[in-house]
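Here are the chains, one letter per residue:
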Amino acid sequence: MADKNKKENKDKRGERLIRQIDRTFVPENTLALWHLGQESMVFKGSGMIAYIDPYLSNAIDEQFGNSPRNFETPISPELIGHADLVLITHDHPDHLDPVTVRAMAIASPHATWICPAPVVPQLAELGIVPDALIGARAGDMIDFRDMRITPIASKHEEFETDENGDHKFLGYVIELNGVKLYHAGDTIGYEGLVEALRPHRIDIACMPINGRDWKRYQDNLMGNMNFREAADLGVAIGADLLIPMHYDLFAFNTENPSYFVDYIHHTYPHQKFKLFVPGERLIYAAEESDEELELGNEE
């Protein structure tokens, strides 16, 4: 009976979150965000709902063992019937989860999927039809309805490309409803990244903070920025709000987010940041530019 009640409560939590996403009103020049754990996020604006790197199962532990989630998924993927767009940054199973992809493909058959060009065959094998699938290439902008997406090369310990020179790891700069969001995917900092991002005038920068070390590398766990590097990058590109990711889901590949908070507090005391509880909502309003403020004063 206890297990049955636990399952029912989990289902109800997922349904409530789906209803919250559906009912959330997003005014002009704002973006609604939900963090679902690891690097899984939902964002909503201009009447569109998009998911990034949804890992909403326990598939890694079930397949490989010793990889349980630190918390249950906030949403069951079978409930996600409202997705207009799903973005995948790379093919590691905590970012491209076959269980989640198959379930979402059935629940949201109208959704468009964007992934690195070398990853297109993997999504096709999971049932995403060609007309719904877009292969992304670093630097080549993609316009999807009222959204503009600029893929940014990511260096997950190293750059990896296919025979065509297309990057297998990407981040995305997303411009929607007057807000610009950078989701880094999995990456370390590298020469040229700041220069690639700064011209976009990023409002929200979402970056991994779990770091890297030789032990995890020997265990085939490719590393990312650490908390200092993520904060430094966010400040260097002029982002208004920093959101740390990739620190909460797996005990063997995590980081204490308080280090991120402490570093910002002492090094960049005026920098805004946000730590999420899984499933928590944030509604972000873009700051008016100097040009908009001047125009408003003239009127």
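Higher on the page you've got the structure.
Please read all numbers here as calculations on a predicted model, not as lab measurements. (Residues numbered from 1 in each chain as written. Predicted model: local features only at pLDDT ≥ 70, side-chain atom pairs only at ≥ 80, totals over all residues. Heavy atoms only, no water.)

Engineer: Give me the packing of aromatic side chains: which residues, what numbers.
Structural biologist: Within the structure shown, the criterion is met by five aromatic pairs. Each ring, one from phenylalanine 159 and one from tyrosine 190, has its centre 4.9 Å from the other, and the planes form 75°; the classification is edge-to-face. Of the two residues, phenylalanine 159 is situated in the loop between strand S8 (147–153) and strand S9 (170–176) and tyrosine 190 in the loop between strand S10 (179–183) and helix H5 (193–197); the sequence distance between them amounts to 31 residues. Take tyrosine 190: its relative accessible area is 18%, and that puts it in the buried class. Measuring from centroid to centroid gives 6.2 Å for phenylalanine 227 and tyrosine 263, while their planes differ by 75°, and the two rings are edge-to-face. Residue phenylalanine 227 is located in helix H7 (residues 227–236), and its partner tyrosine 263 is located in helix H8 (residues 257–267); the two are separated by 36 residues in the primary sequence. A cation sits over an aromatic face here: lysine 274 above phenylalanine 276, 5.6 Å from the ring centre. (Phe/Tyr/Trp six-rings, centres within 6.5 Å; stacked < 30°, edge-to-face > 60°. Helix = DSSP H or I, 4+ residues; strand = E, 2+ residues; numbered from the N terminus. Buried < 20%, exposed > 50% of the residue type's maximum accessible area, 1.4 Å probe, protein only. Lys NZ or Arg CZ within 6 Å of the ring centre and 35° of its normal.)

Engineer: Run through the nonpolar core, naming residues and quoting values.
Structural biologist: Counting 29 residues, the largest nonpolar core has Leu33, Phe43, Leu87, Ile149, Ile174 and Ile204 as the members making the most contacts within it. At four residues, the largest contribution of residues to this core is made by S9. Here leucine 87 is in contact with Phe43, Tyr51, Ile52, Asp53, Pro54, Ile114, Ile149, Tyr172 and Ile174, once residues within four sequence places are set aside. (Core = buried A, V, L, I, M, F, W, Y, C linked by side-chain atoms within 4.5 Å. Contact = heavy atoms within 4.5 Å.)

Engineer: Give a description of the pairing of strand S1 (residues 30–37) that names residues and reports values.
Structural biologist: Within S1, eight of the eight residues are buried, which leaves it mostly tucked inside the rest of the structure. Inspection of the sheet shows S1 paired to strand S14 (residues 281–285) by five bridges, in the antiparallel sense. If you follow leucine 33 over to S14, its bridge partner there is leucine 282. Of the pairings in the sheet, the one linking S1 to strand S2 (residues 40–45) comprises five bridges and is antiparallel in character. Across the sheet, residue glycine 37 finds its bridge partner in S2, namely serine 40. Counting the residues between successive antiparallel strands, the hairpin from S1 to S2 contains two residues, one of them, glutamine 38, with a positive phi of roughly 55°. (Pairing = 2+ DSSP bridges.)

Engineer: Residue-level account of the pattern of salt bridges, with values.
Structural biologist: Tallied over the full model, the rule gives six salt bridges. For arginine 145, the salt bridge identified is with aspartate 84, shortest N-O distance 3.5 Å. Separated by 61 residues along the polypeptide, arginine 145 in the loop between strand S7 (142–144) and S8 and aspartate 84 in the loop between helix H2 (59–64) and strand S4 (85–87) bring together distant segments of the chain. A residue is classified by how much of its surface remains accessible, and aspartate 84, at 10% relative accessible area, is buried. The salt bridge partner of glutamate 280 is lysine 274, with a shortest N-O separation of 2.7 Å. (Salt bridge = Lys/Arg side-chain N within 4 Å of Asp/Glu carboxyl O.)

Engineer: Describe the environment of methionine 207, with residues and values.
Structural biologist: Tracing the chain through its elements places methionine 207 in strand S11 (residues 204–208). Sequence spacing of methionine 207 and asparagine 224 is 17 residues, and the spatial spacing of their C-alpha atoms is 9.1 Å. Non-local contacts of methionine 207, meaning those with residues more than four positions away in its chain, are made with Tyr182, Ala184, Met225, Ala230, Leu233, Gly234, Leu242, Ile243, Pro244 and Met245.

Engineer: Provide a residue-level description of the sheet that holds S9, including the pertinent values.
Structural biologist: Taken in spatial order, the seven strands make up an open sheet running S7-S8-S9-S10-S11-S12-S13, and their pairing is mixed. At either margin of the open sheet sits one strand with a lone partner, and together these are S7 and strand S13 (272–273). Across six bridges, S8 lies against S9 in antiparallel orientation. For isoleucine 149, the partnering residue across the bridge sits in S9 and is isoleucine 174. Contacts between H7 and the sheet are confined to S11 and strand S12 (241–245), with S11 contributing the most and set at about 160° to the helix. (Axes fitted to C-alpha atoms, helices over the stretch in contact; angles between N-to-C directions.)

Engineer: With reference to specific residues and values, describe the sheet that holds S1.
Structural biologist: Overall, mixed pairing links the seven strands, which are arranged S6-S5-S4-S3-S2-S1-S14 in an open sheet. The sheet terminates laterally at strand S6 (133–136) and S14, the two strands that pair on one side only. Averaged over all adjacent pairs, the angle separating strand axes in this sheet is 20°, with direction ignored.

Engineer: Which residues make up the side chain of aspartate 248, and what values go with them?
Structural biologist: Among the secondary structure elements, aspartate 248 is positioned in the loop between S12 and H8. Buried charged residue aspartate 248 carries no salt bridge. Nearest counter-charge: arginine 69, at 7.8 Å. Among the polar contacts made by the side chain of aspartate 248, one reaches the main-chain amide nitrogen of glutamine 38 at a distance of 2.8 Å. Sequence-distant contacts of aspartate 248, defined by excluding residues within four places in its chain, comprise His35, Gly37, Gln38, Asn70, Phe71 and Thr254. (Lys, Arg positive; Asp, Glu negative; His and termini not counted. Polar contact = N/O pair within 3.5 Å; in protein donor to acceptor, adjacent residues only side chain to side chain.)

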